[in-house]
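Structural characterization, general
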Amino acid sequence: MFLTRFRMNTARTGARRLLSSPQVLHAAVMASFPGLLPTAAAAPDGPRVLWRLDQNAQAEVLLYVVSPERPDLTHLVEQAGWPAVADAQSPGWQTRPYAPFLDRLAQGQRWAFRLTANPVHHIRRKPDEPRKRTAHLTPGHQMKWLLDRQERCGFRVVEKPQSERLLPDGTTHQGHEHQGDRYRLTVGDRRGLAFDKRRDETKRADRVSMVTVTFDGHLEVTDPVVFRRVLTRGIGKAKAYGCGLLTLAPLTGTE
């Protein structure tokens, strides 16, 4: 497994084109793996290619990729990077082996995490209608979506000590809207995306609409084996469109 970071040059037309459509960017990411068949990349029982876009405080747009093979992002550098300054020692992206880090994960470790996800649920508006996948729209329900998955994903979101909570003890258990007071968890960067998904066999396009949010918080590893699978297979739906990749960073301070 490999973890890759690529910085987008947003001043370039190619970068703006990639950033305008998750489907176009997904195709560009998958083109980084000439030896990886699409069916293998999406195998449900094994590692797959996951990616995510982050915008940091310096207004940099960073593309993160986790993959079972080492990628070649030369085409992305040419379209959306800085090809004039790339060379053999610094090709325009950074790739590191991921397996040594995954192997060091242990029960009880605490990490800061980030996850961009597509929190959805299935509803039936009328008794005789089929269930329809629908996005969670409020931060409280979006947080609950993640909290409902933490146990089976091999981690738990860290709770704040009572001294740091604004609401009285017990209040945080009474509604989804109070989850942010109870847990070290925030939800932000909400995006409503709509784009055309081409059907190769018919050349027709389906309209895809989705809502993505980015979770930031602290977690504790409860099951390293399960958690490693999550880090290499992703969480939730819309993995082809930049969702599902959970990354970790060391905690700072006393937490």
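One can find the structure itself at the top, above this paragraph.
Sequence order as written defines the numbering, with residues in each chain counted from 1. Reporting in this predicted model follows two pLDDT cut-offs: at least 70 for local features of residues, and 80 or more for side-chain atom pairs to be given and counted; totals over whole chains, interfaces and linings ignore these cut-offs and use all residues. Side-chain numbers come from the whole structure's heavy atoms, not from hydrogens or water.

Looking at helix H8 (residues 224-233)
Think of it in three bands: residues with accessible area under 20% of the maximum for their type are buried, residues over 50% are exposed, and the middle band is partly exposed, with areas taken using a 1.4 Å probe on protein chains only. Per the convention used, a helix needs a DSSP run of H or I reaching at least four residues, while a strand needs a run of E reaching at least two, with both numbered from the N terminus. Restricting attention to buried positions, one finds in H8 the residues Pro224, Val226, Phe227, Val230, Leu231 and Thr232. After H8 finishes, the residue Gly234 shows a positive phi value of roughly 90 degrees.

Topic: the nonpolar core
What makes a nonpolar core is a set of buried Ala, Val, Leu, Ile, Met, Phe, Trp, Tyr and Cys residues whose side-chain atoms join them at distances within 4.5 Å. In this structure, Phe155, Leu185, Phe215, Leu219, Phe227, Leu246 and Leu248 are the most contacted members of the largest nonpolar core, which totals 32 residues. Among the elements of the structure, strand S3 (61-67), helix H5 (99-104), strand S5 (110-117), helix H6 (139-147), strand S8 (155-157), strand S10 (205-221), H8 and strand S11 (246-249) are those that each provide at least two residues to this core. Those residues in contact with Phe227 that sit more than four places away from it in its chain are Leu105, Cys153, Gly154, Phe155, Leu219, Val221, Leu246 and Leu248. Ala28, Trp51, Leu73 and Val77 belong to the second-largest nonpolar core, a separate cluster that totals 19 residues. Two residues qualify as a contact provided that any one of their heavy atoms is within 4.5 Å of a heavy atom in the partner residue.

Re the pairing of strand S1 (residues 2-8)
The alternating pattern of S1 places Phe2, Thr4, Phe6 and Met8 on a buried face and Leu3, Arg5 and Arg7 on a face that is not buried. Of the strand pairs in this sheet, S1 and S3 are connected by seven bridges, and their pairing is antiparallel. In the strand pairing of S3, Leu3 is matched with Val66. Following DSSP output, two strands are said to pair if at least two bridges run between them. Alignment of S1 against strand S4 (residues 93-97), held across five bridges, turns out to be antiparallel. Note on S4: the bridge partner recorded for Leu3 is Arg96.

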